[in-house]
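Overview (structure and organization)
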Protein chains: 2
Amino acid sequence: VTIIGIGLIGGSLALDLRQAGLAERVVGVSRSAENRRLATERGLTTETTNDLAAALRAADLAVLAVPVTAIVGLLPQVAQHAPDGCLVTDVGSVKGPILAAGDAAFPDGRFVAGHPIAGSEHSGPAAARTGLFVQHTWIATPSARTSVDAEERITALWRAVGATTLRMSAAWHDDVFATVSHLPHLVAYALMDAVMTLEQGGERVKFSAGGLRDFTRIAGSDPVMWRDIFLMNRAPLLQAVEAYRAALDRLEAAIRAGDGEALSRVFAQARLARKELGHRS
Amino acid sequence: VTIIGIGLIGGSLALDLRQAGLAERVVGVSRSAENRRLATERGLTTETTNDLAAALRAADLAVLAVPVTAIVGLLPQVAQHAPDGCLVTDVGSVKGPILAAGDAAFPDGRFVAGHPIAGSEHSGPAAARTGLFVQHTWIATPSARTSVDAEERITALWRAVGATTLRMSAAWHDDVFATVSHLPHLVAYALMDAVMTLEQGGERVKFSAGGLRDFTRIAGSDPVMWRDIFLMNRAPLLQAVEAYRAALDRLEAAIRAGDGEALSRVFAQARLARKELGHRS
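For the structure given in this document, a descriptive report is provided here. (Residues numbered from 1 in each chain as written. Chains lettered and ligands numbered in written order. Predicted model: local features only at pLDDT ≥ 70, side-chain atom pairs only at ≥ 80, totals over all residues. Heavy atoms only, no water.)

In this assembly, 88 residues from chain A lie in contact with 88 residues from chain B. Of the roughly 8300 Å² buried between chain A and chain B on both sides combined, carbon and sulfur atoms contribute 70%. The residue D249(A) makes a salt bridge to R245(B) at a minimum N-O spacing of 2.6 Å. Linking chain A to chain B there are 17 residue pairs in polar contact (both at pLDDT 80 or more). Secondary structure elements with two or more residues in the side of chain A that touches chain B: helix 7 (170-197), helix 8 (201-205), helix 9 (212-219), helix 10 (223-232), helix 11 (234-256) and helix 12 (260-278) of chain A. Tallying contributions element by element places helix 7 of chain A first for the side of chain A that touches chain B, with 21 residues. (Contact = heavy atoms within 4.5 Å. Buried area = accessible area lost by both parts, 1.4 Å probe. Salt bridge = Lys/Arg side-chain N within 4 Å of Asp/Glu carboxyl O. Polar contact = N/O pair within 3.5 Å; in protein donor to acceptor, adjacent residues only side chain to side chain. Helix = DSSP H or I, 4+ residues; strand = E, 2+ residues; numbered from the N terminus.)

Below, the structure written as structure tokens:
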């Protein structure tokens, strides 16, 4: 197995595949010498390299675990160097453009677009750990071109490392994650930016108890990963922002009008969302 | 000591005062029979009542620990029933209007406006616990009228239950907390409302991992308390919303323009805020 990108997701998957005896050789590919050193030191992979072509030469499976823009950029190179029959999958948080690029690079349908829902504010090989995917969901977003056999084998692999698996269209995936993941990150970044831009922003932040403090986990997330997600999922994200602005307008109008009942209606929606979450971990 | 409102804050303070031997009798006042029963059952107070006048008759100290609008409404009644020399303080999250009402009700300056920064998504007497204020900040917002002696004694009390104490003007307090506490709650409520209002909102929410999930703690907070805070701190909060909209505009424009560098600048601000927080628990 060749894992391209040995950060939190790639490194954790490498570790799980080895510990479960699912792969004899796990080759980690990274341009960062420091990340290669860390992956070796922590025993995430059996070997590491900066040479993509060499890493793919004997691969049965290639996993792209780099930021979404890099995945799209690398797919043609993976197609060029991976042997026939090598399955290819990715872990990107935006699926539409990746699925299109993967289908173009692998017309035989052996690219399976997927997304393990196991983010964290920690990133890099230092954050990788076993069991990261246990009781988390892995989502396959196959196209009409995707090989059923390839999808089944990749699905079995994620189940083997503890994930619950399901499938949905790439378009619905990108719409859903624009609202429940990308928008919340955007909202948190805007909040941090707003507070820091105000007079004595740094001084204000020191008084965060609950409230702002809950947003800091998000603000600690990998900035390159999020920049790429925001830019790649642009259209669904901007639609989500529009819905969010409408909700913000409703709240602001209620406050301006001193309308306690309207505020209570919004709070009730929030409690409903919380209840939905309670039914699923 | 008479504590009016025996929820998370009032109940925890009652417990601490008794356990530290700082008060022989702690009378809990609540209109809710259920809350009175819970306070008695959990041993938060030595006695409970619904009769404010009776509860105040022999009090050395009265603590108002109800939602901010109720504090303003109760201050004249406390002034009417509390004996001369009884100190009075509150725990409200908005200080300007409460300080004005307290100064009007107690022209001799024995009302000390204060705010313990120890919120939680849990509320009510069931959530009360010892040590809630340890290593948390209590803020006094005295006016020119506030008695220096009264302020010193109330400050000593909060120190005795483990809080770090400091003082600031009520105006600066309300401005700071509009940005680091009230705005984040408003932003979280707007987000939950936006997602739930979208097509298949409940279905979307089920896919929250990080991201939306981090906002649910906030959305579980006491709705009456937050309705009152939003309405009472209206002007500073609406100013904070304006700054927030500007930050949201910047982010949206950067995404629309595909401007990765502008996004990185916003992320850097967020990391700066996170760093500020790291210096203070």
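What follows deals with the packing of helix 4 (residues 68-81) of chain A against helix 5 (residues 96-105) of chain A. Residue and element names in this part refer to chain A. Where helix 4 contacts helix 5, the axes come no closer than 9 Å and their chain directions differ by 5 degrees. Our classification of the angle between helix 4 and helix 5 gives roughly parallel. On the side of helix 4, the interface is formed by V68, I71, V72, L75, P76 and A79, while helix 5 contributes P97, I98, A101, G102 and A105. Within the contact of helix 4 with helix 5, the residues separate by chemical class into 10 nonpolar, one polar and no charged. (Axes fitted to C-alpha atoms, helices over the stretch in contact; angles between N-to-C directions. Parallel < 35°, antiparallel > 145°, perpendicular 65-115°, else oblique. Nonpolar A, V, L, I, M, F, W, Y, C, P; charged D, E, K, R; others polar.)

In this section: the relation of the copies chain A and chain B. With an RMSD of 0.0 Å, the operation that places chain A on chain B is a rotation of 180 degrees combined with a shift of 0.0 Å along the axis. Those values place the two copies in the arrangement expected of a two-fold rotation axis. Closest approach to the rotation axis among the C-alpha atoms of chain A is made by D214(A), whose C-alpha sits 3.3 Å away. (Least-squares fit on C-alpha atoms with pLDDT ≥ 70 in both.)

Turning next to the packing of helix 7 of chain A against helix 10 of chain A. All names here are of chain A. The N-to-C vectors of helix 7 and helix 10 enclose an angle of 115 degrees; their axes lie 11 Å apart at closest approach. The chirality of how helix 7 crosses helix 10 is left-handed. Judged by residue contacts, S181, H182, H185, L186 and Y189 of helix 7 engage W226, I229 and F230 from helix 10. Residue composition of the contact of helix 7 with helix 10, grouped by class: five nonpolar, three polar and no charged. (Left-handed = near helix turned anticlockwise from the far one by under 90°.)

Residues and elements named next belong to chain B. Examined against the element boundaries, T89 turns out to sit in strand 5 (residues 87-90). Look at T89 and you get buried, because its relative accessible area is 2%. Only 2.5 Å separates the side chain of T89 from the backbone oxygen of V112, close enough to count as a polar contact. Ignoring any residue separated from it by four or fewer positions in sequence, one finds T89 in contact with L61, A62, V63, L64, F111, V112, G114 and I154. (Buried < 20%, exposed > 50% of the residue type's maximum accessible area, 1.4 Å probe, protein only.)

Our focus in this paragraph is the side chain of D16(A). Residues and elements named next belong to chain A. Relative to the assigned elements, D16 resides in helix 1 (residues 8-19). Summary of buried charges: D16 has no salt-bridge partner, and the nearest side chain of opposite charge, R129, is 7.6 Å away. When near neighbours in sequence (up to four residues on either side) are disregarded, D16 contacts T130, G131, L132, F133 and V161. (Lys, Arg positive; Asp, Glu negative; His and termini not counted.)

Our next topic: the pairing of strand 8 (residues 137-140) of chain B. Consecutive side chains along a regular strand alternate between the two faces of the sheet. Residues and elements named next belong to chain B. Burial along strand 8 is two-sided: the face carrying T137 and I139 and the face carrying W138 and A140 are both buried. Sheet topology note: the strand 7 (residues 114-116)/strand 8 ladder contains three bridges and is antiparallel. Residue pairing for strand 8: H115 is matched across the bridge by I139. The pairing of strand 8 with strand 9 (residues 164-167) spans four bridges and is classified as parallel. Among the inter-strand pairings, I139 is bridged to a residue of strand 9, identified as L166. (Pairing = 2+ DSSP bridges.)

Right, let's talk about the packing of aromatic side chains for a bit. All chains considered together, the criterion is met by 17 aromatic pairs over all chains. Relative to W158(A), the ring of W138(A) lies with its centre 5.9 Å away and its plane at 10 degrees, an arrangement referred to as stacked. Remark: W158(A) occurs in helix 6 (residues 148-160) and W138(A) occurs in strand 8 (residues 137-140); sequence separation between them is 20 residues. Taken as a pair, W138(A) and W158(A) share a single burial class, namely buried. With a centroid separation of 6.0 Å and 70 degrees between ring planes, the pair formed by F267(A) and F230(B) is classed as edge-to-face. Linking F267(A) in helix 12 with F230(B) in helix 10 (residues 223-232), this pair reaches from one chain into another. (Phe/Tyr/Trp six-rings, centres within 6.5 Å; stacked < 30°, edge-to-face > 60°.)

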